[in-house]
Every structure is written in structure tokens, then in C-alpha cells.
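Below, each chain spelled out in residue letters.
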Amino acid sequence: MAASVREKQAVALKRMLNFNAAPLKNTAAEPVWKVLIYDRFGQDIISPLLSVKELRDMGITLHLLLHSDRDPIPDVPAVYFVMPTEENIDRICQDLRNQLYESYFLNFISAISRSKLEDVASAALAANAVAQVTKVYDQYLNFITLEDDMFTLCHQNKELISYHAINRADIQDTDMEAIMDTIVDSLFCFFVTLGAVPIIRCPRGNAAEMVAVKLDKKLRENLRDARNSLFTGENMAAGQFSFQRPLFVLADRNVDMATPLHHTWTYQALIHDVLDYELNRVVMEEGAGPEPSPAGARPKKKNRKTYDLTAADKFWQKHKGSPFPEVAESVQEELDTYRAQEDEVKRLKCIMGLEGEDEGAISMLSDNTAKLTSAVSSLPELLEKKRLIDLHTNVATAVLNHIKSRKLDVYFEYEEKLMSKSTLDKSLLDIISDPDAGTPEDKMRLFLIYYITAQQAPSESDLEQYKTALLDAGCDLSPLNYIKQWKAFTKMAATPANYGNSGVKPMGLFSRVMNSGSQLVMEGVKNLVLKQHNLPVTRILDNLMEMKSNPETDDYRYFDPKMLRGSESSIPRNKNPFQEAIVFVVGGGNYIEYQNLVDYAKVKHGKKVVYGCSELSNAAQFTKQLSQLGQK
């Protein structure tokens with residue numbers, strides 16, 4: 001997989017915007033101006049990959065939602081990028097009847113069924129617009145790539161395939177089938193875009209296994225149908241740089257329920273935990289400062305600010321996986337270097353103003369002209385740098401306020417100790433009953449982690465004591481009801497998940513007091529340094545990728561869609577370790593696991609690991625799903 005799936009998806013989108021022809025090499029030619037019509041699904045797929053400027057360079061003058069009121073623009077071609085749903089098809093037919101555009105290029109995010117295609121055809125006939133419908137394509141792009149090595153399935157109706165949806169007690173078989181089909185459809189699109197047929201491994205007896213069986217069948221049927229196979233000829237040429245096929249590991253969220261509730265300490269995962277961060281965009285309320293408005297005054301209107309954290313942002317790429325204290329330090333360093341550069345430009349301007357016209361200044365002109373020219377040419381770069389520094393200063397400050405007001409460093413450290421079964425320095429009850437430590441939700445998360453990781457469940461009397469403390473702290477106990485059932489149910493054919501001997505070394509409070517000019521005053525926050533340890537999902541991947549024998553993964557099923565007869569076995573045909581792997585968590589993933597896999601891949605040189613999940617939920621969203629399950 002020489003190119004990452006993110007690049008491949010971006011290339012596929014650019015090709016689509018160029019009327020499904022390969023984009024021209026010579027950039028001198030003017031692009032054809034056109035309109036892009038997408039639905040919410042299409043919008044979510046495009047927005048993390050292509051900026052508005054890139055769309056404009058591709059000739060997109062307008063991009064509109066399919067279900068908005070659109071005026072006819074009779075002399076432009078329109079590129080549609082939508083899901084093949086009933087209502088979308090109806091709306092497209094309506095556009096044809098109203099003759100909105102000059103020509104129509106219909107691209108469906110995932111494959112359109114024969115009957116729906118016939119609906120479009122009959123509408124085109126009725127509207128006498130057959131000639132205008134130039135092309136109809138299935139794009140197989142029904143997934144969202146957020147990083148080079150991370151993707152998620154959907155953002156719009158994610159509650160339909162969430163952990164809650166899969167684990168409801170009252171779920172009908174037909175609902176379950178539908179959920180699995182949705183997940184498999186997206187995964188199929190993922191492999192078509194990747195241009196590779198994976199070898200699939202999964203545990204037995206849960207949702208992950210159902211996904212694996214269906215995906216194997218779907219890939220197999222497509223490979224069998226030689227005329228229409230999506231994995232032959234030109235599609236594959238792109239993917240065949242490596243002769244080895246990727247390993248695809250399906251894991252079930254139930255393997256590890258503690259990580260999605262865990263308080264975290266790395267930059268990206270913290271942003272996702274405490275701020276509003278979706279599809280690589282942070283939305284923050286500005287002016288939500290601590291100082292109250294004077295009595296009687298109207299409350300200040302909060303401005304919502306959005307920041308995009310993109311692949312082009314060097315600082316972000318370098319630090320999104322760093323522990324937070326390191327990030328705070330780096331933001332400050334960047335700011336200092338920027339200020340130095342800025343002062344240099346000011347100084348030159350000042351000299352060029354030639355104060356007092358003395359001979360000295362005149363003689364300095366010649367060598368300063370060169371300096372000024374270079375300073376001026378570096379201005380756009382400086383401005384961009386300034387924008388990024390401001391962005392990270394604001395985001396990091398917002399995160400820091402949460403850490404301080406909720407004592408998140410205390411939670412993080414305590415949970416790490418619980419998960420690694422090391423000795424605890426203070427009792428859980430103390431933290432729960434401390435009114436200054438965190439929100440009720442933080443306390444609930446901490447207690448759930450304790451309950452999940454405990455070797456034996458606390459005795460009834462202890463449990464009552466904890467419950468009383470939690471209720472006094474204002475917690476909602478419904479998540480606990482579900483976790484109790486879950487724990488009894490998984491009385492674990494296996495032992496509780498092992499979290500490795502993780503551990504955090506507290507480095508003392510911030511030794512270097514940040515200079516007082518710094519915006520990020522970290523005093524009182526523990527400077528915790530992470531030791532590398534593998535979370536359950538990473539460990540499962542490691543066993544399967546390196547072909548290690550381990551009771552945890554030995555009876556994982558093995559599917560090879562390229563084998564003619566699907567022989568059911570857990571005995572791998574392939575004895576060599578894999579170079580590339582994709583891990584996919586059914587039931588929701590998070591940035592903590594993603595970061596853990598990235599760190600794992602850094603240590604293993606030459607290995608590539610991609611993380612995928614059916615939805616990305618932060619701890620608050622996950623707790624909410626647990627409480628819905630616990631209320632039943």
C-alpha cells in the first residue's frame with residue numbers, strides 16, 4: 001500500500017470531480033466550471049479531504065446540499081455525489097423534471113440497486129432529459145478518512161450502527177442484519193478504494209464475527225464475477241505495489257470496555273474528550289471566559305469558532321500524539337521563534353524608514369535591501385505560521401482549562417494504575433466524594449473503569465457504599481446497571497482484559513515554571529510521562545500480525561476471500577508475519593486506541609497499521625450509550 005488510503009480516496013474524489021476522467025497533467029488548461037451537489041453523507045466524506053480552495057481549483061464554483069432550495073443554472077454541468085437512498089433518488093428525478101442543469105453526472109457513494117436506477121431512467125425519459133444524464137457511476141467511497149491511517153464509517157446516522165444499536169437487549173434479527181449490512185457495505189467500499197483483498201481474522205461469537213462472515217461473502221462474490229469484479233485490471237494495478245496482502249483484524253468493542261471511558265493525556269485524544277471535535281474540526285465557544293458579565297448586563301453572545309486540524313498543519317502532525325505538557329511547551333517555543341522573526345521584519349522596516357537621514361543609514365541601504373526582500377517574501381509563510389500558532393494556543397488553553405477545573409491529571413493517573421493493577425495511593429471513595437475533583441460524569445467513568453478492571457467485583461456492602469457516594473456526587477447510575485449485566489455475561493470465557501503493565505511516571509509538578517509571559521500556565525498540573533504499553537486491541541493485532549501463538553487469539557477465525565472454496569478453519573495458510581494491517585473495531589472506536597496503534601507501528605519498523613471503527617465516540621458519548629442500555 002504505497003499510497004495511504006487517504007490519498008487514494010482523495011484521488012478518487014478528484015477524478016470524480018473531473019467527470020470521472022483522470023485529471024489532466026498540464027495545469028495551464030482552465031478547468032471546466034461546474035456545480036457539486038452532495039447530501040450530508042457526501043459532505044462528510046469530502047470535507048476532511050478537500051478544502052474549498054482545492055474544490056475551486058477543480059472548477060467547482062458552487063457546492064450545494066441536495067435537499068436545499070437550488071435555483072436552475074441551465075448552462076452548467078452538475079456533479080452529484082449522494083447516497084442511493086429513496087429520498088435522494090426522488091430529488092434527483094425532480095431536478096431532471098425541472099431542468100435545473102445542462103448535464104448531470106450522477107455519482108453514488110455506494111452501489112445503487114437496479115430498481116432505483118430504473119426509477120432515475122424513467123424520470124429522465126419522462127422529463128425528456130435522457131441526453132443530459134451524461135454518466136452514472138458507483139463510486140464505492142462510503143467511508144470517511146480522517147488521517148492517513150484512520151477511518152470511520154459514517155457520521156450522519158451513526159446512532160444506527162453504534163455500540164448501543166448492536167448491544168440492545170431487544171434487538172430483532174432483522175435489525176441486526178441491517179446493521180451488519182451497513183457496516184459491511186462501507187468496509188467493502190474501503191477495500192475497493194484500497195485496491196486490495198485482505199485476509200480476515202476475527203474472534204468467535206460476537207458482532208465482529210458476523211461482519212467478517214458477510215464481508216468474506218461479499219468480497220468472494222465480487223471476485224467470482226470476473227466481468228464486473230472491482231478487484232481486477234486497472235483498479236488493482238494501483239494497489240499492487242506490495243505483493244503481500246493486508247491483514248484485516250475485526251475486533252469487538254466488548255473486548256475492552258475500559259479504554260473508551262478512560263481519561264487521556266495525549267493532545268488529540270484530549271481534544272476529542274473535552275472539546276467538540278468531529279471530522280477533524282474543533283468547534284469552540286469564544287468569549288466563554290471565567291469573568292461574569294456585570295449584573296444586569298446582557299450576557300455576552302458567544303461566538304462559535306471553528307478550527308480545522310489538517311494534514312498540512314506541521315505542528316499538529318508532530319504533536320497530536322504527544323502528552324499534553326509537551327504540547328504546551330512546544331506551543332510556547334513556536335510562539336517565541338515567531339516573535340523573533342516578526343521583530344526582525346519590524347527592525348528592517350524601521351531602518352528603511354531612514355530616521356534622520358544620516359550617512360550611516362544610507363550606507364546600510366545596500367545590504368539591507370537584500371534582507372528586506374527576503375523578509376517580505378517570507379511574509380505569507382509567517383502569517384500562516386501565526387495562524388497555526390494562534391489556533392493551537394487557543395485550543396491548548398481550552399483543553400488546559402478543562403484539565404485544571406476537573407483535575408483530569410489525577411483521574412488519568414489513577415485510572416492508569418487501576419488498569420495496570422498497580423498499588424493505589426488513595427482510595428476510590430476519596431476521589432468520588434471530593435467535590436472539587438471533576439464532574440459527576442468523570443466520577444462515573446472512573447468508577448466504571450474500576451468495576452470493569454476489578455479481578456473480583458466489589459462485595460454488595462461496598463457496592464452500596466460506592467453507589468451512595470456516586471449518587472451524592474450527582475451521578476446517573478444507569479451505565480453501571482448495564483456494565484453489571486455485561487460483566488456477568490462475559491464472566492469471561494476469558495480473564496478480564498489485560499492492559500499491560502502501563503504506568504505513568506509523574507515527573508513532579510512542572511519543574512520549569514513557565515515564564516510569566518506564557519499563556520499556558522501549567523502550575524499545579526502533574527507532568528506525567530507515558531510509558532509505551534499496548535492496549536488490548538493493539539495486543540490482539542500484534543499476535544495476529546506477528547503470527548504469535550497466544551490463547552487470546554488462537555481460535556480467531558481465518559477467512560481468505562480469494563480461496564475458491566471457503567474452508568472454515570482457524571489455521572492460517574500464511575505463515576509469514578504481515579507487513580500491513582487494518583484493525584477495525586465494531587461498536588465504536590476512539591483516539592486513545594488509535595494513538596496506541598500509531599505508537600506501536602512506530603516501534604515496528606516498516607509495518608503499516610490502519611485503524612478503523614464503525615463510529616468515533618468520546619467518553620461522554622459512550623457513557624450516554626451505556627446509560628441508555630442500562631435504563632432498559
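Definitions and limits used
Residues numbered from 1 in each chain as written. Predicted model: local features only at pLDDT ≥ 70, side-chain atom pairs only at ≥ 80, totals over all residues. Heavy atoms only, no water. Pairing = 2+ DSSP bridges. Helix = DSSP H or I, 4+ residues; strand = E, 2+ residues; numbered from the N terminus. Axes fitted to C-alpha atoms, helices over the stretch in contact; angles between N-to-C directions. Buried < 20%, exposed > 50% of the residue type's maximum accessible area, 1.4 Å probe, protein only. Expected span 1.5 Å × (residues − 1). Contact = heavy atoms within 4.5 Å. Polar contact = N/O pair within 3.5 Å; in protein donor to acceptor, adjacent residues only side chain to side chain. pLDDT = per-residue confidence, 0-100. Parallel < 35°, antiparallel > 145°, perpendicular 65-115°, else oblique. Nonpolar A, V, L, I, M, F, W, Y, C, P; charged D, E, K, R; others polar.

Draft legend 1. Up close: the sheet that holds strand 11 (residues 281-286). An order of 10-11-12 is seen for the three strands of this open sheet, with the pairing classed as antiparallel. Each end of this open sheet is capped by a strand with a single partner; those strands are strand 10 (276-278) and strand 12 (303-308). For this sheet, the mean inter-axis angle between neighbouring strands, taken without regard to orientation, is 25°.

Draft legend 2. Broad picture of unusual backbone geometry. One non-glycine residue with positive phi stands out, namely N20, at about 60°. When you line up the elements, N20 lands in the loop between helix 1 (5-17) and strand 1 (34-38). Despite not being glycine, Q99 has its phi angle at roughly 50°, a positive value. Relative to the elements of secondary structure, Q99 occurs in the loop between helix 4 (86-97) and strand 4 (101-108). Take Q99: its relative accessible area is 51%, and that puts it in the exposed class.

Draft legend 3. Up close: helix 5 (residues 114-126). Here helix 5 is 13 residues long and its end C-alpha atoms lie 19 Å apart, about the 18 Å a rise of 1.5 Å per residue gives. Of the surrounding secondary structure, the elements contacted by the buried residues of helix 5 are helix 4, strand 4 and strand 5 (133-138).

Draft legend 4. Inspection of the side chain of S478 at higher detail. The residue S478 is located in helix 19 (residues 478-489) in this model. Of note is the side chain of S478, whose polar atom sits 2.7 Å from the side chain of D476. Setting aside its immediate chain neighbours within four residues, S478 contacts L626, S627, G630 and Q631.

Draft legend 5. Up close: the sheet that holds strand 2 (residues 60-65). Pairing within the open sheet is parallel, and its five strands lie in the order 2-1-3-4-5. At either margin of the open sheet sits one strand with a lone partner, and together these are strand 2 and strand 5. Strand-to-strand twist across the sheet, computed as the mean angle between neighbouring axes with direction ignored, equals 20°. In this sheet, strand 2 lies alongside strand 1 in parallel orientation, the contact comprising five bridges. Considered in strand 2, the bridge of V35 is made with L62.

Draft legend 6. Geometry of the confidence of the model for the protein chain. Residues of the protein chain with pLDDT of at least 70 account for 83%, and the chain-wide mean is 83. Within the model, pLDDT remains below 50 along residues 237-241, and this stretch shows five contacts once partners closer than five positions in the same chain are excluded. The low-confidence segment residues 492-496, where pLDDT is below 50, has two contacts with residues more than four positions distant or belonging to other chains.

Draft legend 7. Structural context of the packing of helix 17 (residues 440-453) against helix 19. Running from N to C, helix 17 and helix 19 point in directions that differ by 10°, and their axes come no closer than 11 Å. It follows that helix 17 is roughly parallel to helix 19 by the angle criterion. Facing M444, F447, L448, Y451, I452 and T453 of helix 17, the residues of helix 19 in contact are P479, L480, I483, K484, W486 and K487. For the contact of helix 17 with helix 19, a count of residues per class yields nine nonpolar, one polar and two charged.

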